Amino acid sequence: MCRREASNPTPENEALVSDPEVAHNSGVADIRAKHTASHTSATSRPRASPYPFGDVFKEVQRRATVCGPDWTTALQYASKTLSAAFFMFFATLFSTVALGALIEKRTGYHIGLSEYLAMNSVAGVVHSLFGAQPLLVLRPTGPITAILGKLYDASSQLHVDFNQFLLATGICVALLMSAVAAFAWSRHITRLTPFTH
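These remarks concern the structure in this document. None of the values given here were measured: they were computed from a predicted structure.

The rules behind each value
Residues numbered from 1 in each chain as written. Predicted model: local features only at pLDDT ≥ 70, side-chain atom pairs only at ≥ 80, totals over all residues. Heavy atoms only, no water. Helix = DSSP H or I, 4+ residues; strand = E, 2+ residues; numbered from the N terminus. Expected span 1.5 Å × (residues − 1). Buried < 20%, exposed > 50% of the residue type's maximum accessible area, 1.4 Å probe, protein only. Contact = heavy atoms within 4.5 Å. Core = buried A, V, L, I, M, F, W, Y, C linked by side-chain atoms within 4.5 Å.

Focus: helix α5 (residues 78-106)
In this model, α5 (29 residues) spans 41 Å end to end at C-alpha, consistent with the 42 Å of a helix rising 1.5 Å per residue. Listed as buried for α5 are Thr92, Thr96, Leu99, Gly100 and Ile103. Buried residues belonging to α5 abut α6 (113-130) and α7 (142-158).

Pasting the structure below:
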């Protein structure tokens, strides 16, 4: 919008463009627009890399172009960064506490609030540092909590240790997601239609 208005030589538009905050945000927006355009053109014709994890490396290269501007913008506008960080912290904390208390009773105190808080802290910090995305929300959700409850029921029926059963489930999911990333199976999402859903 600023760029389109700047084409008209009025004093208001000149003031807009001369503002360093607007000019910097416009530059960051240009970088993100180029990234989005290249990503959209790449996803419109999905072609898998001939090498395992080739598309993962391509995605890292694409995101590397916006990772630096994200950090410099965050440091330049520290007040906005801190307000957003506190908002995300409390929004995530309250839902994590509620679901942690629920899963604690659901699994017979095998896992609970402390595990939810630890997982959310580690995963959230690591992913937010290297995610290069405008919004990252990593926290236990209702479906995940329900699945954990069902896994506890299954382990009780099979008479196996819940922690070992949960570990085996996590390993299987990790292997599946690694295979999806290695061979770019997610490109087949374009085949999904409302009928498939």
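Quick look at the nonpolar core
Counting residues in each nonpolar core, the largest one holds eight residues, listed as Leu99, Ile103, Ile111, Tyr116, Leu148, Leu151, Tyr152 and Phe162. Elements with a contribution of two residues or more to this core: α5 and α7. Counting residues per element, this core draws most heavily on α7, which supplies three residues. When residues no more than four places from it in sequence are discounted, the contact partners of Ile111 are Ile103, Glu104, Leu148 and Phe162.

What is shown is where atoms sit, not what they do.
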